[in-house]
Amino acid sequence: VALRGSVFDVTSGAEKFYGPGKSYAKFAGRDITRNTAMFSTKEKDLDRTDYPEEKQKAVDKSYERTYVKKYPIVGTLAPYTYTVPEEEKEDTTPRGGAEYPDQVPGAKWDAKKQRFIYPKEVL
């Protein structure tokens, strides 16, 4: 299993978690960085390293408290690029015909979500 670029030997967890028919069997031999961040077991999240910045603590916690603590690191992943499929990309097009998002009447910046929030009548 790979997480945050480190490859872990999870053989000792095969009987309970990673072996055939077990709950995390699909993770064996895969990069689970996004799955860890999103608390996901979905196939579409495997071999992806993109995730929202606010999920970084969850990844770091799992990395240190679960993987580093339980399993030996046996390698490092070679860098690779994952391209997010078009259907999964968030629409960031400005609403209401404005050239820039802040020109839409009533649009407000949500610092927590790092995006503009538009009034319902513009959507």
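Everything below is about the structure printed above this text.
Here the structure is a predicted model, which means the values were calculated and not measured.

Looking at the pattern of salt bridges
One pass over the structure, following the stated rule, counts six salt bridges. Taking the shortest distance from any N to any O, the salt bridge between Arg30 and Asp47 comes out at 2.6 Å. With a gap of 17 residues between them, Arg30 in the loop between helix H1 (14-18) and helix H2 (33-38) and Asp47 in the loop between H2 and helix H3 (56-70) connect regions that are remote in the sequence. For Arg30, a relative accessible area of 25% puts it in the partly exposed group. Relative accessible area serves as the criterion here: at 25%, Asp47 is assigned to the partly exposed category. The closest approach of N and O atoms between Arg34 and Asp50, which form a salt bridge, is 3.3 Å. One end of the pair, Arg34, is in helix H2; the other, Asp50, is in the loop between H2 and H3, and 16 residues separate them in sequence. By relative accessible area, which is 13% here, Arg34 ends up buried. Judged by its relative accessible area of 24%, Asp50 falls in the partly exposed class. One network of salt bridges, with partners in common, ties together Arg34, Asp45, Arg48 and Asp50.

Regarding a positive patch on the surface
Together, Lys16, Lys61, Arg65, Lys69 and Lys70 make up a positively charged patch on the protein surface. The greatest single-element share of the positive patch, amounting to four residues, is contributed by H3. Mapping Arg65 onto the fold places it in helix H3.

Focus: the side chain of Asp31
Within the fold, Asp31 resides in the loop between H1 and H2. Within the structure, Asp31 has its side chain in polar contact with the side chain of Thr33 (distance 2.6 Å). In this view, Asp31 contacts Ala2, Leu3, Leu46, Asp47, Arg48, Thr49, Leu77 and Tyr80; residues no more than four positions away in its chain are not counted.

A look at unusual backbone geometry
Located in the positive-phi region is Phe39, a residue other than glycine, with phi close to 50 degrees. Mapping Phe39 onto the fold places it in the loop between H2 and H3. Positive phi values are uncommon outside glycine, yet Asp47 reaches one of about 60 degrees.

Criteria and thresholds
- All residue numbers here refer to positions counted from 1 along the written sequence of the relevant chain.
- Two thresholds apply to this predicted model, a pLDDT of at least 70 for residue-level local features and 80 or more for giving and counting side-chain atom pairs, whereas whole-chain, interface and lining totals are computed over all residues.
- Values shown for side chains rest on all heavy atoms present in the structure; no hydrogens or waters enter the calculation.
- Only one rule defines a salt bridge in this text: a Lys or Arg side-chain nitrogen within 4 Å of an Asp or Glu carboxyl oxygen.
- Working definition: helices are DSSP H or I runs of at least four residues, strands are E runs of at least two. Numbering for both runs from the N terminus.
- Partly exposed describes any residue whose relative accessible area lies between the buried limit of under 20% and the exposed limit of over 50%, with all areas from a 1.4 Å probe on protein chains only and scaled to the type maximum.
- Within the patch definition used here, like charges are joined within 9 Å and nonpolar side chains (Val, Leu, Ile, Met, Phe, Trp, Tyr) within 5 Å, considering only residues with over 30% relative accessible area and no salt bridge.
- Every accessible area reported is derived by Shrake-Rupley at a probe size of 1.4 Å, with residue values counting cover from the shown protein chains alone.
- Residues counted as positive are Lys and Arg, residues counted as negative are Asp and Glu, and His and the chain ends are not counted.
- To locate a charge, take NZ of a lysine, CZ of an arginine, CG of an aspartate or CD of a glutamate.
- We call two N or O atoms a polar contact when they sit within 3.5 Å, provided that within protein one can donate a hydrogen and the other can accept it, with sequence-adjacent residues counted only if both atoms are side-chain atoms.
- Contacts: residue pairs with any heavy atoms within 4.5 Å of one another.

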